[in-house]
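Structural overview
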Amino acid sequence: MFTTLSYPTLVETFKDELVERDYTRKEAESLHRERVNDGDVSMIELCVEYDVDPPALTTHSARRILQRLTEDADIELDDDKHGYLAPHGARRGAGEVMVREFGYTEAARHLDNSEEVVREHYSHIEASERAQMAETAFQNQRPARKMCPTRTPTGSTHLSTVPQSVAILMSVIVVLIC
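Residues numbered from 1 in each chain as written. Predicted model: local features only at pLDDT ≥ 70, side-chain atom pairs only at ≥ 80, totals over all residues. Heavy atoms only, no water.

Focus: the overall build of the chain
Helix and strand counts for the chain come out as 9 helices and 2 strands. Secondary structure elements of the chain, listed N to C terminal, follow the sequence α-α-α-α-α-α-α-α-β-β-α. Considering the chain as a whole, with its 178 residues, one finds that 24% of them fall into the buried category. Considering only residue pairs separated by 6 or more positions, the chain has 38% of its internal contacts joining residues 24 or more positions apart. Accessible surface, the chain as shown: approximately 12,800 Å² in total, 54% of it carbon and sulfur. (Helix = DSSP H or I, 4+ residues; strand = E, 2+ residues; numbered from the N terminus. Buried < 20%, exposed > 50% of the residue type's maximum accessible area, 1.4 Å probe, protein only. Contact = heavy atoms within 4.5 Å. Areas by Shrake-Rupley, 256 points an atom, 1.4 Å probe, with all protein chains shown as cover.)

Written as structure tokens, this is what we have:
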């Protein structure tokens, strides 16, 4: 969730919260005027200073901001429905960046979702990373044969050489199973 930065909304929220804390409306307005209008503090800084939680950005406001940003950035989208980067698309993009940068657990916290849901929605990232790891592993191997653990008929394990193609196939199966 993102905090609104709408100045009128912040002013009203600040005044209302202070009135709930037994300030008079006039005292709250005076604080706002002295600290923000005549002072050098922003409205959001005043809210932080007085421990006033600004409301979340509304969906309507988020849409307006995304429309403006899409137009300002001169981004053309193949989206007949919206014509701009819609909130869901922005959330998906932000989620993907969070997963890639910080992992599933932190992304889940930021997106206010469970890690399980985030893993499900962004599973393509993990699959892609696993495929890259497997590709790198095979590129680092000798071209002809590879040492692999194998089981004997008695159940004991030992290392044996198998053709590279068999080793690749085994690794792909392991990636698909996991």
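Following the structure, the description resumes.
Here we look at the environment of D40
Mapped onto the secondary structure, D40 falls in the loop between helix 2 (25-37) and helix 3 (43-49). If we skip the residues at most four places from it in the chain, D40 touches R35 and E45.

Considerations on the packing of aromatic side chains
Evaluated as defined, the whole model comprises 1 aromatic pair. Residues F14 and Y50 carry aromatic rings whose centres are separated by 5.6 Å and whose planes lie at 85° to one another, so their mutual orientation is edge-to-face. Here F14 is found in helix 1 (residues 7-20), whereas its partner Y50 is found in the loop between helix 3 and helix 4 (59-72), with 36 residues between them in sequence. Between the NZ or CZ atom of R92 and the centre of the ring of Y122, over which it lies, the distance is 4.7 Å. (Phe/Tyr/Trp six-rings, centres within 6.5 Å; stacked < 30°, edge-to-face > 60°. Lys NZ or Arg CZ within 6 Å of the ring centre and 35° of its normal.)

Re the confidence of the model for the chain
The share of residues in the chain with pLDDT of 70 or more is 77%, and the mean pLDDT across the chain is 80. Model confidence for the chain, summarised as mean pLDDT per element, is weakest for strand 2 (residues 157-163) at 49 and strongest for helix 1 at 96. With pLDDT under 50 throughout, residues 158-162 is counted as low confidence; its partners more than four residues away or in other chains account for 19 contacts. (pLDDT = per-residue confidence, 0-100.)

A look at the pattern of salt bridges
The full count for this structure, using the stated rule, is 7 salt bridges. Between R100 and E96 there is a salt bridge, with the nearest N and O atoms lying 3.2 Å from each other. Here the residue R100 and the residue E96 both occupy positions in helix 5 (residues 87-102), the gap between them amounting to 4 residues, near one helical turn. Taking the relative accessible area as the measure of exposure, R100 reaches 45% and is therefore partly exposed. When its relative accessible area of 25% is taken as the criterion, E96 is described as partly exposed. Salt bridges here are not isolated pairs; linked through shared partners, they connect E12, D16 and R25. (Salt bridge = Lys/Arg side-chain N within 4 Å of Asp/Glu carboxyl O.)

Some remarks on the layout of surface pockets
Estimates place the volume of the second largest pocket at around 160 Å³. Lining the second largest pocket, in full, are T3, T4, L5, S6, T9, P55, A56, L57, T58, S61, R64 and I65. Broken down by element, the lining of the second largest pocket gets its largest block of residues, 3 residues, from helix 4. Taken together, the residues of the lining of the second largest pocket break down into 5 nonpolar, 6 polar and 1 charged. (1 Å grid on protein atoms, 1.4 Å probe; cavity = no way out; pocket = protein on both sides within 12 Å on 5 of 7 lines; lining within 4 Å. Points joined across faces, edges and corners; volume = space filled by probe spheres on them. Nonpolar A, V, L, I, M, F, W, Y, C, P; charged D, E, K, R; others polar.)

Considering the side chain of S61
Structurally, S61 can be placed in helix 4. A polar contact of 2.9 Å, which involves the side chain of S61, links it to the side chain of T58. (Polar contact = N/O pair within 3.5 Å; in protein donor to acceptor, adjacent residues only side chain to side chain.)

Observations regarding the side chain of T4
Position of T4 among the secondary structure elements: in the segment before helix 1. At 3.1 Å, the side chain of T4 and the backbone nitrogen of S6 are in polar contact.

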